[in-house]
Structure formats: structure tokens, C-alpha cells
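An overview of the molecular structure
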Amino acid sequence: MSTDADTTTDRLAALERRLQALEDEREITHLVAGYGPLVDAGAAEDVAALWTEDGVYDVDEAFLDGGDAIRAMVTSSGHQKWIERGCAHVLGPARVTVDGDEAVAVCHSLMVVHGEQGFRVRRATANHFQLRRTPAGWRVTTRTSRVLDGRPESPALLGAGARGERP
Amino acid sequence: MSTDADTTTDRLAALERRLQALEDEREITHLVAGYGPLVDAGAAEDVAALWTEDGVYDVDEAFLDGGDAIRAMVTSSGHQKWIERGCAHVLGPARVTVDGDEAVAVCHSLMVVHGEQGFRVRRATANHFQLRRTPAGWRVTTRTSRVLDGRPESPALLGAGARGERP
Amino acid sequence: MSTDADTTTDRLAALERRLQALEDEREITHLVAGYGPLVDAGAAEDVAALWTEDGVYDVDEAFLDGGDAIRAMVTSSGHQKWIERGCAHVLGPARVTVDGDEAVAVCHSLMVVHGEQGFRVRRATANHFQLRRTPAGWRVTTRTSRVLDGRPESPALLGAGARGERP
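Residues numbered from 1 in each chain as written. Chains lettered and ligands numbered in written order. Predicted model: local features only at pLDDT ≥ 70, side-chain atom pairs only at ≥ 80, totals over all residues. Heavy atoms only, no water.

A few words now on the packing of aromatic side chains. Applying the stated criterion across every chain yields a total of 9 aromatic pairs over all chains. Judged by centre distance (6.1 Å) and plane angle (80°), the ring pair of Tyr35 of chain B and Trp51 of chain B falls under edge-to-face. With a gap of 16 residues between them, Tyr35 of chain B in helix 1 (residues 2-40) and Trp51 of chain B in strand 1 (residues 51-59) connect regions that are remote in the sequence. With respect to burial, Tyr35 of chain B and Trp51 of chain B carry one shared label: buried. Geometrically, the ring pair formed by Trp51 of chain C and Tyr57 of chain C is tilted, given 5.2 Å between the ring centres and 35° between the ring planes. Taking the relative accessible area as the measure of exposure, Trp51 of chain C reaches 4% and is therefore buried. (Phe/Tyr/Trp six-rings, centres within 6.5 Å; stacked < 30°, edge-to-face > 60°. Helix = DSSP H or I, 4+ residues; strand = E, 2+ residues; numbered from the N terminus. Buried < 20%, exposed > 50% of the residue type's maximum accessible area, 1.4 Å probe, protein only.)

Have a look at this one:
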């Protein structure tokens, strides 16, 4: 029986390890897919909760250092005006690379805004996420976003993110 | 042996439960990701089959109550004209929250249409899906879609959907 | 004990089979989600590595037959100019259908480009992927992409892809 039991134990352990890998990636995908809907809903607390409380959102238009700064961005009159006129922060599907308790994700985003002449694409952006497993689950530690207007750091973010590397 | 057997049984049951959760979410993601390609293909039966037969597609431009109404939308001259001129209903990645045999999903969508001056974004929309596990698999029971033009119900749909709540 | 052992073995086998199905789909989703970031990064080797070395990228603007042709597209002055001015190849979430060692995936894509008047959607495209399990993992064997400008093959690609069929 010992061989069978060992085999069973090994197979269980392998299944648990593989399942954990899928669950990690699913949780990160779920986290990243929350940003657009939550920020366009003006849900400041929920947006900030995607990050660790000392997490950073480094975007070319602003450097947001910690939960207070992220919440303040969402509640700012600038952001509220986008919501009032109509806007969509559409993130593409994240490509996730997990390495133990750290992970990297990458995706494009389009900011589509509504105005008197209908909708237009205001920005197309490269997004690089660094994430960490915390006791409360996966959280973003640093999100780096740069507009794809020809500046060289934006393609570099996409390449690093797609390969699971830091910026 | 009884302790080992119990442990094995417990571990198997835990794996089966966790795997089922991933499979549920994957099936819902697959379902929602079918809408855009199928509606742009004009595949009326396939589009309607994403919903229960008494399912509702409640969009600001139309209230479609049941499979016949959904099929009629796809085969309508209005929709067929969009296809003939060229159009893309691009849904973002769905954020899914499963609760037993019910689920909520949320995503943005962009309707991009082709015309004499090339492509333009005709609509950016908030999409909230309620889904139910049926004997045939997960199906949409109610999809509520509102254009993101500043009307307050659209951000509210995004927020509720991202939190796994009903509208 | 033999009944319990049989049951355990059967449950392990079922779990392994179901987990493999999720892993296959996850790997294909990961592969497809890499295209946009990698092509906008100008990462010619990484882009080509999404395909088998004899894989085909059949797009209305070009017929790329094998890894050398795909690498040459990425390093071409035409593509490099898009990157220099700013561009985003945003693919929607792939709907994947696996059948043994072959698979089909479908998604929309938007090519958003930057210019003097800001961003605009240059193309909305139907993308149909055929994939194969290789010793090195899943790879694209043929990607067929057609612009959604009203030509009938584009909706046909979306419909076939969403149903898991070949074009």
C-alpha cells in the first residue's frame, strides 16, 4: 500500500500546486479587470484597494504615492468631470507572469471620452503592473502607465511586462 | 489507514470544489467573450443562446425581452446594415463574481463602426450581466447596458458589477 | 480498500483531466494576450515565437509565411514608424476552443494610432487563430485577420472562431 499511498500523495500535491498557480493568475486577472469599471464608477475606496496601502500609481500625468493619493485622484474634480461627461477606461486582457509571491502583468488601456461630437480616444496607454501576494490577497505594489505617443518608455513597458520583467 | 484515507478524501473534495470555482468562472468568461464576435457575425441563434430563452437584454436603445426579441435584433435591417458597413462590438475582459448558482459579470464595450472617413467609436458602454447556472450550463438572465455619455446609471452599473452586486 | 483506492484513482484522474483543460486554455489566452504588447514593443523574436516556426500570419495587408516573414514585419520601417509615432494593437479577450492537441481562438483587435490630432482608430479587425500543442507548448499555426470594413470574410471569421471552427 505504501507505494499507492505515496503516489496518491504525490498526485494530490501536484494537483494542489497546479491549481494554486491557476488561482493566483485568476485572482490577479480579476484584480486588474476591476480597475476600469471601478475608476469609471468613481469608487475611490475600491480603486485604492486594488493596491497595497503604500502602493504606487506612476502615470505620466501624475505620480500617486499611496492609498490617499489614489483616492484623491478618483474624487478630484478633474476625474469627476470625466465621469460627468462620460468616459471609459478600457483595459485589455492582462498577460500575467507569477513568480512565487510576486507577479508582473501587462496590458494596453484606452481612455475613451464623450463630448459634443460623440466619443473619441483620448489616450492609448501602456500599463505595467507589479504585484505582491499579501495576507489579504494579491495587490498591486506599483503600476506604471505611459501614453503610447511615441515616447520610448511606453513600448519598453509593454515589452518588459509581456516578458514578466520589471520596467 | 483511516486518517490517511480521510485526509485524502478531504484533499480530493477541496480540490474538486476549487476546480469547480475556476471552471464556473472560465465558462462565464467564455460566454461573455462570445457576444462580440457572434453579434458582428450576425449569428442570431448563437447570440440568443448566450441567454436563457426568457433572458433580457436591456440596453438604452432597446429592451429585448426573450430569445425571439434578441434574434430579431440581430437579423434586423438596422443591425445588418452595421455589419455591411463594418462594425466591431469589442467587449473588455469580464470581471466575474460567482455566488453558488448565480453570478454577476461586468465589462466595458466599445462599438467601433466603419464609414467613409474610416473608423470611429460610436458608443462606449457599461455592461452588467446577471447569470444563472442552468442544466445546459451558465446563461445570461439579464444584461443591462447603458452608454457612458454622462448619464448616472452607467457608472452605477460598472460599480455594482465590479462588486458582484445587482444593479 | 480496493473500492476506495479505485475511487481515489478515478477522482485523481478526473481532476488531472479537468485541470489540464484549464491549463491549456490559460496557456492559449496568455499566448494571444502577448501579441499586442510584444508587437507594439517591436520585439520581433518574441512576436515570432508566438507562432510555430512555419506558422502563417495571413492579414489583408500582408501574407506572412513563417518566422522570418513575421520577424521582418516587426523590424520593417513601416512598423517601426508606427511605434515611433505611437500605436496600440489592442486585442480583445480571446474566446478559446480546445480540441485535443488543436485549438481555435477568436478576438477583435483595434489598432489605435497617434498623430498630430491625437489618437484615432485606424483599423478594427477580426482575428481567427488556429493553434497546435507542440513539445514547447501551444503555438499559433495560422492567424487569419481581416479588417471589419464590410467585406464579408471578416464577420465569417468571427463566427467560425467563436464556434471553434476553422475559417
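What follows picks up the thread again.
A few words now on the relation of the copies chain C and chain A. The transform that puts chain C on chain A rotates by 120° and translates by 0.0 Å along the axis, for an RMSD of 0.0 Å. In the structure described here, the two chain copies are related by an operation that fits a three-fold rotation axis. No C-alpha of chain C approaches the rotation axis more nearly than that of Pro93 of chain C, which lies at 3.2 Å. (Least-squares fit on C-alpha atoms with pLDDT ≥ 70 in both.)

So, on to the environment of Tyr35 of chain B. Residue and element names in this part refer to chain B. The buried category is assigned to Tyr35, whose relative accessible area is 4%. When the C-alpha atoms of Tyr35 and Ala49 are compared, they prove to be 10.0 Å apart, with 14 residues separating the residues in sequence. Other than its neighbours up to four places away in sequence, Tyr35 contacts Val47, Leu50, Trp51, Tyr57, Met73, Leu91 and Arg143. (Contact = heavy atoms within 4.5 Å.)

Now for the UniProt feature "coiled-coil region" (unreviewed entry) in chain A. Per the UniProt record, the feature "coiled-coil region" (unreviewed entry) sits at residues 5-32 of chain A. Annotated as 100% helix and 0% strand, the span residues 5-32 of chain A places its first and last C-alpha atoms 41 Å apart. (UniProt positions renumbered as here; feature names shortened; annotations may be inferred.)

The partner chain B presents 29 residues to the 40 residues of chain A that form the contact. Taken together, both faces of the contact between chain A and chain B bury some 2800 Å²; the carbon and sulfur share is 68%. Remark: the boundary between chain A and chain B carries 4 salt bridges. Between Asp46 of chain A and Arg163 of chain B there is a salt bridge, with the nearest N and O atoms lying 2.9 Å from each other. Of all the elements in the fold, those that place two or more residues in the side of chain A that touches chain B are helix 1 (2-40), helix 4 (77-85), strand 3 (87-91), strand 5 (102-115) and strand 6 (118-134) of chain A. Counting residues per element, the side of chain A that touches chain B draws most heavily on helix 1 of chain A, which supplies 19 residues. (Buried area = accessible area lost by both parts, 1.4 Å probe. Salt bridge = Lys/Arg side-chain N within 4 Å of Asp/Glu carboxyl O.)

Residue and element names in this part refer to chain A. Relative to strand 2 (residues 62-65), strand 1 (residues 51-59) runs antiparallel, the two being bridged by 4 bridges. Pairing of Asp58 across the sheet is with Phe63, part of strand 2. Between the end of strand 1 and the start of strand 2, which pair antiparallel, lie 2 residues. (Pairing = 2+ DSSP bridges.)

Attention now moves to the pattern of salt bridges. Tallied over the full model, the rule gives 51 salt bridges over all chains. Here Glu61 of chain B ties to Arg123 of chain B by a salt bridge, and the two come within 3.6 Å at their closest N and O atoms. Highlighted residues: Glu61 of chain B in the loop between strand 1 and strand 2 (62-65) and Arg123 of chain B in strand 6 (residues 118-134), separated in sequence by 62 residues. For Arg151 of chain B, the salt bridge goes to Asp149 of chain B, with nearest N and O atoms at 3.1 Å. Judged by its relative accessible area of 28%, Arg151 of chain B is partly exposed. Shared partners join several salt bridges into a network, and the residues in it are Glu45, Glu53, Asp68 and Arg71 of chain A.

This part is about the UniProt feature "domain: SnoaL-like" (unreviewed entry) in chain A. Residues annotated by UniProt as "domain: SnoaL-like" (unreviewed entry) correspond here to residues 20-144 of chain A. Counting secondary structure, residues 20-144 of chain A comes out at 35% helix and 50% strand; the distance between its end C-alpha atoms is 27 Å.

Quick look at the interface of chain C and chain A now. Facing the 40 residues of chain C at the interface are 29 residues of chain A. Regarding the contact of chain C and chain A, the summed buried area is about 2700 Å², with carbon and sulfur atoms giving 69% of it. Between chain C and chain A we count 4 salt bridges in total. For Arg18 of chain A, the salt bridge goes to Glu23 of chain C, with nearest N and O atoms at 2.7 Å. Scanning the region where chain C abuts chain A turns up 7 residue pairs in polar contact (both at pLDDT 80 or more). Counting only elements with at least two residues in the side of chain C that touches chain A, the list comes to helix 1 (2-40), helix 4 (77-85), strand 3 (87-91), strand 5 (102-115) and strand 6 (118-134) of chain C. A total of 19 residues in the side of chain C that touches chain A trace back to one element, the largest contributor, which is helix 1 of chain C. (Polar contact = N/O pair within 3.5 Å; in protein donor to acceptor, adjacent residues only side chain to side chain.)

Below, the discussion takes up helix 5 (residues 153-162) of chain A. Three or four residues apart is the spacing at which side chains of an α-helix point the same way, because the helix has 3.6 residues per turn. Taken across its 10 residues, helix 5 of chain A has 8 buried, putting it largely inside the fold. Within helix 5 of chain A the residues assigned to the buried category are Ser154, Pro155, Leu157, Leu158, Gly159, Ala160, Gly161 and Ala162 of chain A.

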